[in-house]
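Per-entry structural report
Single-letter residue listing:
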There are 2 protein chains.
Amino acid sequence: MPEESDVTAEIRVELKPGVFDAEADSVERSLGQLGIAGVRAVGTARLFRLTFHGVAPEEARRRAELAVDRLLANPVIHRVSISLAGG
Amino acid sequence: MPEESDVTAEIRVELKPGVFDAEADSVERSLGQLGIAGVRAVGTARLFRLTFHGVAPEEARRRAELAVDRLLANPVIHRVSISLAGG
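Residues numbered from 1 in each chain as written. Chains lettered and ligands numbered in written order. Predicted model: local features only at pLDDT ≥ 70, side-chain atom pairs only at ≥ 80, totals over all residues. Heavy atoms only, no water.

What follows concerns helix H1 (residues 22–33) of chain B. Helix length check: H1(B) (12 residues) gives 17 Å between terminal C-alpha atoms against 16 Å at 1.5 Å per residue, within 8%. Buried within H1(B) are the following residues: B:Ala24, B:Val27, B:Ser30 and B:Leu31. Looking down the long axis of H1(B), one finds its buried residues gathered within 125 degrees of arc, a one-sided arrangement. Residues of H1(B) that are exposed and angled more than 90 degrees away from the buried face: B:Arg29, B:Gly32 and B:Gln33. Taken together, the buried residues of H1(B) touch strand S2 (39–53) and helix H2 (57–72) of chain A together with strand S2 (39–53) of chain B. One side-chain oxygen at the N-terminal end of H1(B) lies 3.3 Å from the backbone nitrogen of B:Glu23; it belongs to B:Asp21. One or two positions beyond H1(B), positive phi appears at B:Gly35, with a value near 80 degrees. (Helix = DSSP H or I, 4+ residues; strand = E, 2+ residues; numbered from the N terminus. Expected span 1.5 Å × (residues − 1). Buried < 20%, exposed > 50% of the residue type's maximum accessible area, 1.4 Å probe, protein only. Arc of directions from axis to C-beta. Contact = heavy atoms within 4.5 Å. Polar contact = N/O pair within 3.5 Å; in protein donor to acceptor, adjacent residues only side chain to side chain.)

Written out as structure tokens, the structure is:
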């Protein structure tokens, strides 16, 4: 359960445009095989939700950015957005 | 590029509470090893973005639900939310 002083950073990691998304490609083919029509494009992304306790929002954002740089994304192929909730 | 008559269904698939999230566990350990402190919980989710062309929003939602049922999620372990944009 989130507590009052929790801050959650939601980190969205997706492939940059132009980087081949094999999973999206596979989903798109499978949708066609299943007869689910009208799909013009498929994209995928990963979400990571980090819940900080006893950390101010600006510091939580800084730590989330550090987690992205050190662990969660590769700047060569990924683009990343971070949104904060709670506080 | 999205066109005027495109509708995008954003499908978020995450593990149900109580189902062990190995990736989240691994991220949480790694954050500790990197000295990124104050993290009380980590969660992960996958996002699939299906862009429909020439399909009305209510029909796009129906097809997105079908894609979830047939391909993208396992109701035993996953919970799913779908949001629509455009139209």
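For the rest of this paragraph, the subject is the pattern of salt bridges. Two side chains bearing opposite charge may form a pair once their charged atoms approach each other closely. Throughout the structure, instances matching the rule amount to 18 salt bridges over all chains. Ionic pairing is found between B:Arg12 and A:Glu10, a salt bridge with its closest N-O pair at 3.1 Å. Here B:Arg12, found in strand S1 (residues 6–15), pairs with A:Glu10, found in strand S1 (residues 6–15), and the two come from separate chains. Since its relative accessible area comes to 19%, B:Arg12 is described here as buried. (Salt bridge = Lys/Arg side-chain N within 4 Å of Asp/Glu carboxyl O.)

Turning our attention to the packing of H2(A) against H1(B). It is the contact of H2(A) with H1(B), at a shortest axis distance of 11 Å, that shows an interaxial angle of 105 degrees. With respect to their mutual orientation, H2(A) and H1(B) come out roughly perpendicular. Along its contact with H2(A), which presents A:Ala67, A:Leu71 and A:Leu72, the element H1(B) presents B:Val27, B:Ser30 and B:Leu31. Taken together, the residues of the contact of H2(A) with H1(B) sort by class into five nonpolar, one polar and no charged. (Axes fitted to C-alpha atoms, helices over the stretch in contact; angles between N-to-C directions. Parallel < 35°, antiparallel > 145°, perpendicular 65-115°, else oblique. Nonpolar A, V, L, I, M, F, W, Y, C, P; charged D, E, K, R; others polar.)

Let's shift gears to the interface of chain B and chain A. With 37 residues of chain B at the interface, the matching set in chain A holds 37 residues. Both sides together, the interface formed by chain B and chain A hides about 3,300 Å², and carbon and sulfur atoms give 53% of it. On the chain B side of the interface with chain A, the three residues burying the most area are B:Arg40, B:Arg46 and B:Arg49, jointly 20% of the side's total. Linking chain B with chain A are eight salt bridges. At the junction of chain B and chain A, the tally comes to 20 residue pairs in polar contact (both at pLDDT 80 or more). Those elements that place two or more of their residues in the side of chain B that touches chain A are S1, H1, S2 and helix H2 (57–72) of chain B. Within the side of chain B that touches chain A, the residues separate by chemical class into 20 nonpolar, six polar and 11 charged. Where S2(A) meets S2(B), 13 bridges bridge the pair, whose relative direction is antiparallel. Bridge pairing in S2(B) links A:Gly43 to B:Arg49. (Buried area = accessible area lost by both parts, 1.4 Å probe. Pairing = 2+ DSSP bridges.)

So, about H2(A). In this model H2(A) runs just 20 Å from its N-terminal to its C-terminal C-alpha over 16 residues, more than 12% under the 22 Å that 1.5 Å per residue would give. Taken together, the buried positions of H2(A) are occupied by A:Ala60, A:Arg63, A:Ala64, A:Ala67, A:Val68 and A:Leu72. All buried residues of H2(A) fall inside an arc of 150 degrees around its axis, so they share one side. Summarising the geometry of H2(A), the exposed residues directed more than 90 degrees from the buried face are A:Glu58, A:Asp69 and A:Arg70. Each element contacted by the buried residues of H2(A) is listed here: S1, S2 and strand S3 (78–86) of chain A together with H1 of chain B.

These figures come from the coordinates and say nothing about function on their own.
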